Amino acid sequence: MSNASDYTPPSVWKWNKENGGRFANINRPIAGPTHDKELPVGKHPLQLYSLATPNGVKVTIMLEELLAAGHSGAEYDAWLIKIGDGDQFGSGFVGVNPNSKIPALMDHSTPKPTRVFESGAILLYLAEKFGAFLPKDPAKRTEALNWLFWQMGSAPYLGGGFGHFYAYAPFKIEYAIDRFAMEVKRQLDVLDRHLADNEYMAGEEYSIADMAIWPWYGNLTLPGAIYNDSATFLEAHTYTNVVRWQKQIATRDPVKRGRIVNRRTGELEEQLHERHDASDFDTKTQDKLAG
């Protein structure tokens, strides 16, 4: 491996606004809002403020699964948060999520509106609210939660680690890419070994654990789905049990719908920037609006 840098950290770190990288214009070392902007509120009890990143897709899949299962109280408005434009630093959004990350949810069906932030917390909140997609058996419930929290702890290595240095950093650092690629492949192996003996993450029952993991690690097996050609780089196709599980979940109609809500990239028919009614999937995708 080549020597990457002659950089020596200073005694005290100082923020350099010109640090480069794709998201340098919105990253900063402090919290709080940068501007005043109230969030819109639609007609449904659940108000989602999000973008179709893997973390955002988790929640829209869950909401569409709940509706498909007959839980009418799960009707929702999904508002687009353009993180590249800094929408997540508006005062209204920070009021829902002080960490300024999507997704964020407001539940207006409670006596006092309830804010829920962090994608795993939102999945768990909705599962408990509606009594769905979380096993009732204590052992199976615990297994689902094991994997839900595994994903929440593991994804930063995939997104903030591997994804950043492989796809977004202003220059390639061999050590950083090697370090995070090794960890992501280990995580894929963890999943592959588990799915060799289990149909879904918690056994035979589809749950919020699958909804949390699928947008990240399932889609990692698809060429071009995450981080350009990273599927080839990581030989993701060799994790055959993960591939089987990915394909199985991808066939679900609520998953097909959920993955396009708040999406701004890809084919126009796979972009539904905002969702306020079930009919929007038929009438308000970008190909329909463009036509």
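So, how was this worked out
- Residues numbered from 1 in each chain as written.
- Predicted model: local features only at pLDDT ≥ 70, side-chain atom pairs only at ≥ 80, totals over all residues.
- Heavy atoms only, no water.
- Helix = DSSP H or I, 4+ residues; strand = E, 2+ residues; numbered from the N terminus.
- Buried < 20%, exposed > 50% of the residue type's maximum accessible area, 1.4 Å probe, protein only.
- Polar contact = N/O pair within 3.5 Å; in protein donor to acceptor, adjacent residues only side chain to side chain.
- Contact = heavy atoms within 4.5 Å.
- Core = buried A, V, L, I, M, F, W, Y, C linked by side-chain atoms within 4.5 Å.
- Phe/Tyr/Trp six-rings, centres within 6.5 Å; stacked < 30°, edge-to-face > 60°.
- Pairing = 2+ DSSP bridges.
- Right-handed = clockwise from strand over helix to strand, strands pointing away.
- Expected span 1.5 Å × (residues − 1).
- Bend = angle between axes of the 7 residues up to and from the residue.
- Salt bridge = Lys/Arg side-chain N within 4 Å of Asp/Glu carboxyl O.
- Axes fitted to C-alpha atoms, helices over the stretch in contact; angles between N-to-C directions.
- Parallel < 35°, antiparallel > 145°, perpendicular 65-115°, else oblique.
- Nonpolar A, V, L, I, M, F, W, Y, C, P; charged D, E, K, R; others polar.
- Left-handed = near helix turned anticlockwise from the far one by under 90°.

Along the chain, the position of H44 falls in the segment before β1 (46–50). The class for H44 is buried, based on a relative accessible area of 13%. Within the local environment of H44, its side chain forms a polar contact with the backbone oxygen of H276, the two atoms lying 2.8 Å apart. Apart from the residues lying within four places of it in its own chain, the contact partners of H44 are E75, Y76, D77, R275 and H276.

Formed by 65 residues in total, the largest nonpolar core has its most connected members in M62, L126, F162, I208 and W245. Of all the secondary structure elements, the ones that give two or more residues to this core are β1, α1 (54–68), β2 (76–80), α3 (119–130), α4 (138–168), α5 (174–195), α6 (208–218) and α8 (240–250). Contact partners of I208, with chain neighbours within four places excluded, come to M62, L123, L124, A127, F133, L134 and L148. Core analysis: the next-biggest nonpolar cluster, separate from the first, contains 10 residues, L51, I102, A104 and M106 among them.

Below, the discussion takes up the environment of E274. Relative to the helices and strands, E274 is located in the loop between α9 (253–258) and α10 (280–283). For the pair E274 and A78, spaced 196 residues apart in the sequence, the C-alpha separation amounts to 5.4 Å. If we skip the residues at most four places from it in the chain, E274 touches A78, W79, L80, N262 and D280.

A few words on the packing of aromatic side chains. Under the criterion given, the structure shown has 11 aromatic pairs. Centre to centre, the rings of F165 and F180 are 5.9 Å apart; their planes meet at 10°, and the pair counts as stacked. Taken together, the residues span a long stretch of sequence, with F165 in helix α4 and F180 in helix α5 at a distance of 15 residues. Through pairs of rings, three or more aromatic residues link up here, namely F162, Y166, Y168, Y227 and F233.

Across the 5 residues of β2, 5 count as buried, placing the element largely inside the fold. Pairing analysis gives 5 bridges linking β1 to β2, with the strands arranged parallel. Its bridge partner being in β2, L48 is matched across the sheet by A78. This β-α-β element, β1 to α1 to β2, shows right-handed connectivity.

Between its first and last C-alpha, α4 extends 42 Å over 31 residues, near the 45 Å set by a 1.5 Å rise per residue. Along α4, the largest kink reaches about 35° and is centred on S154; proline P156 follows within four residues of it. With a side-chain oxygen lying 3.1 Å from the backbone nitrogen of A139, the N-terminal cap of α4 falls on D137.

Our next topic: the pattern of salt bridges. Here the structure, examined in full by the defined rule, presents 15 salt bridges. The residue E75 makes a salt bridge to R275 at a minimum N-O spacing of 2.7 Å. Remark: R275 occurs in the loop between α9 and α10 and E75 occurs in the loop between α1 and β2; sequence separation between them is 200 residues. The burial state of E75 is the same as that of R275; both residues are buried. Salt-bridge contacts for R186 lead to E183; the nearest nitrogen and oxygen are separated by 2.8 Å. Within this pair, R186 and its partner E183 are both found in helix α5, separated by 3 residues, close to a single helical turn. R186 sits in the partly exposed class, given a relative accessible area of 45%. Overlapping salt bridges bring together E64, E75, R257 and R275 as one network.

The next point concerns the packing of α3 against α4. The interhelical angle for the contact between α3 and α4, taken along N-to-C directions, is 155°, at an axis separation of 10 Å. When the interaxial angle is binned, α3 and α4 end up roughly antiparallel. Judged by residue contacts, S119, G120, L123, L124 and E128 of α3 engage R141, L145, L148 and M152 from α4. Split by residue class, the contact of α3 with α4 holds 5 nonpolar, 2 polar and 2 charged.

So, about the packing of α6 against α8. The contact between α6 and α8 brings their axes to 10 Å, and the two run at 115°. Our pair here, α6 against α8, has a crossing hand that is left-handed. Contact residues: α6 offers D210, I213, W214, Y217 and G218, while α8 offers V242, W245, Q246, I249 and A250. Its residues assigned to classes, the contact of α6 with α8 comprises 7 nonpolar, 2 polar and 1 charged.

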